[in-house]
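Structural characterization, general
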Amino acid sequence: QVQLIESGGGLVQAGGSLRLSCAASGHTLTGYWMGWFRQAPGKEREFVLAVTWSGGREIHADFVKGRFSISRDLAKNTVYLQMNSLKPEDTAVYYCAACGGYCRGDDEYEYTNWGQGTQVTVSS
């Protein structure tokens, strides 16, 4: 079982940046997909970005459009979500998730390990 703890959320003005962190523990992540999802008030959870722990593959949602990026620090067992040019519509709870075994990367139902989420609020 992988334990995930997100941090780095907060309040930022439109056009600003935030970097979210997801610290993983409890299991080796070799072969895992590490993903970021978000859920805005009144909306379903949606996929943002994902990367294989090896770094060989990365996928992202269309709305990312070069504003967000994902990275890993293998020594720290941590995945990061760098968000730039933030918009009010990016306001949501952001979740980190891990998927072992067969994963496409963007399907939330394949992810079996989830963090508690971190709130990101973008003011206009």
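Here goes a summary of the coordinates provided. Everything quoted here is computed from the prediction, not taken from an experiment. (Residues numbered from 1 in each chain as written. Predicted model: local features only at pLDDT ≥ 70, side-chain atom pairs only at ≥ 80, totals over all residues. Heavy atoms only, no water.)

Secondary structure summary: the protein contains zero helices and eleven strands in total. The order of helices and strands in the protein, counted from the N terminus, is β-β-β-β-β-β-β-β-β-β-β. Relative to the globule expectation of 14 Å for 124 residues, the C-alpha radius of gyration of the protein, 13 Å, shows essentially globular dimensions. A principal-axis box enclosing the C-alpha atoms of the protein has dimensions of 40 × 25 × 25 Å. Looking at the protein as a whole, 47% of its 124 residues are labelled buried. Restricting to contacts in the protein with at least 6 residues of sequence separation, those with at least 24 account for 58%. For the protein, the computed accessible surface area is about 6300 Å², with 47% contributed by carbon and sulfur atoms. Separation between the mean location of the 11 positive side-chain charges and that of the 12 negative ones in the protein comes to 5 Å. (Helix = DSSP H or I, 4+ residues; strand = E, 2+ residues; numbered from the N terminus. Rg over C-alpha atoms; globule rule 2.2 N^0.38 Å. Buried < 20%, exposed > 50% of the residue type's maximum accessible area, 1.4 Å probe, protein only. Contact = heavy atoms within 4.5 Å. Areas by Shrake-Rupley, 256 points an atom, 1.4 Å probe, with all protein chains shown as cover. Lys, Arg positive; Asp, Glu negative; His and termini not counted. Charge placed at Lys NZ, Arg CZ, Asp CG, Glu CD.)

Moving on, we come to the sheet that holds strand 3 (residues 18-25). In sheet architecture, strand pairing relies on hydrogen bonds along the backbone and comes in two forms, parallel and antiparallel. Across the sheet, which stays open at both edges, the four strands sit in the order 1-3-8-7 with antiparallel pairing between neighbours. On the outer flanks of this sheet lie strand 1 (3-7) and strand 7 (68-73), each paired with one strand and no other. Shown here is a sheet whose adjacent strand axes are inclined to one another by a mean of 20 degrees, direction ignored. Sheet topology places strand 1 next to strand 3; five bridges connect them, and they run antiparallel. By the bridge assignment for strand 3, Glu6 is matched with Cys22. (Pairing = 2+ DSSP bridges. Axes fitted to C-alpha atoms, helices over the stretch in contact; angles between N-to-C directions.)

Enumeration over the complete set of coordinates arrives at two disulfides. Between the sulfur atoms of Cys22 and its disulfide partner Cys96 the distance amounts to 2.0 Å. Taking the sign of the S-S torsion, about -75 degrees here, the bridge from Cys22 to Cys96 comes out left-handed. Linking Cys22 in strand 3 with Cys96 in strand 9 (residues 92-99), this pair joins segments that are 74 residues apart in sequence. For the pair formed by Cys22 and Cys96, the shared burial category is buried. Each sulfur of the disulfide joining Cys99 and Cys103 lies 1.8 Å from the other. Where Cys99 bonds to Cys103 through sulfur, the torsion about that S-S bond is close to -90 degrees, and the disulfide is left-handed. Neither Cys99 nor Cys103 differs from the other in exposure class; each is buried. Cysteine pairing for the protein (bonded cysteines numbered in sequence order): 1-2, 3-4. (Disulfide = S-S within 2.5 Å.)

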